[in-house]
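Chains, contacts and geometry: an overview
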Amino acid sequence: DAVVIIDHCEVEDKTAIITENVLTPLAKLRGRIPVYGSSRNRIGKFNGFYCIVPNENELVRVAGKYHPRTFEEEIPNAVLFEAAETLYERLKPDYMVITRGKKGATIVQGRNIKSVPTKPLEGDIDSCGCGDTFLATLVLAEISGASREQAVRLANIAAGTTAKKLGTTGAPTIKELEDALKEP
């Protein structure tokens, strides 16, 4: 079992569904059930979760370390790792996974930082839904017994499969994942 909170609200807390009244009781589940969180603008409020999963742009912005002008802007590794340390210390999750698009993902646990590359994609891609697919796959793999790194590797592959679905937010099928896992 696990709880997953995805907050895509673009407005202030007054109208959001995922408020302190939701986040605080979820954090209290720590040690009993893993609670995973992802948020476009408010990951900085997901204190005490088992795992938080920001993308690199969200991370540096919320940590106050850098303000990318575009979603595609390259985030320097030194800035990313400083922001990861800042947010990790502030929110104190068991661990954090930073999604990084074509660079894969980075696992942060304390001062331990491990990059997990992904397979390069060719042709047109559409990133819509990739973060949600990544998170869902990460959670399912981990609660099914995969190691943290195995779960992140599978989540990278699933997100890459979603990226190839142009104009839709569809998730990969089992067959698509099996085929992607067979590729070199």
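In this text the structure is predicted, and so the values were computed from the model without any measurement.

Basis of the calculations
Residues numbered from 1 in each chain as written. Predicted model: local features only at pLDDT ≥ 70, side-chain atom pairs only at ≥ 80, totals over all residues. Heavy atoms only, no water. 1 Å grid on protein atoms, 1.4 Å probe; cavity = no way out; pocket = protein on both sides within 12 Å on 5 of 7 lines; lining within 4 Å. Points joined across faces, edges and corners; volume = space filled by probe spheres on them. Helix = DSSP H or I, 4+ residues; strand = E, 2+ residues; numbered from the N terminus. Nonpolar A, V, L, I, M, F, W, Y, C, P; charged D, E, K, R; others polar. Buried < 20%, exposed > 50% of the residue type's maximum accessible area, 1.4 Å probe, protein only. Pairing = 2+ DSSP bridges. Axes fitted to C-alpha atoms, helices over the stretch in contact; angles between N-to-C directions. Left-handed = near helix turned anticlockwise from the far one by under 90°. Contact = heavy atoms within 4.5 Å.

Examining the layout of surface pockets
If you add up the space inside the second largest pocket, you get close to 250 Å³. Lys119, Leu121, Thr161, Ala180 and Glu183 are, among the 14 residues lining the second largest pocket, the residues nearest its centre. In terms of residue count, the dominant contributor to the lining of the second largest pocket is helix H5 (residues 148–163) (four residues). Class assignment for the residues of the lining of the second largest pocket results in five nonpolar, four polar and five charged.

Here we look at the pairing of strand S2 (residues 35–39)
Of all five residues that make up S2, five are buried, and the element is covered over most of its length. For strand S1 (residues 3–7) and S2, the ladder comprises five bridges, and the chain directions are parallel. The residue bridging Val3 from the neighbouring strand is Val35, located in S2. Pairing analysis gives two bridges linking S2 to strand S3 (residues 51–52), with the strands arranged parallel. Residue Gly37 lies in a different strand from S3, and its bridge partner there is Ile52.

With respect to the packing of helix H4 (residues 130–143) against H5
Contact pair H4 / H5: the axes reach a minimum separation of 8 Å and the direction vectors enclose 145°. Read as a crossing pair, H4 and H5 show a hand that is right-handed. Here Cys130, Thr133, Phe134, Thr137, Leu138, Ala141 and Glu142 of H4 lie close against H5, whose contacting residues are Arg148, Ala151, Val152, Leu154, Ala155, Asn156, Ala158, Ala159, Thr162 and Ala163. For the contact of H4 with H5, the per-class residue count stands at 11 nonpolar, four polar and two charged.

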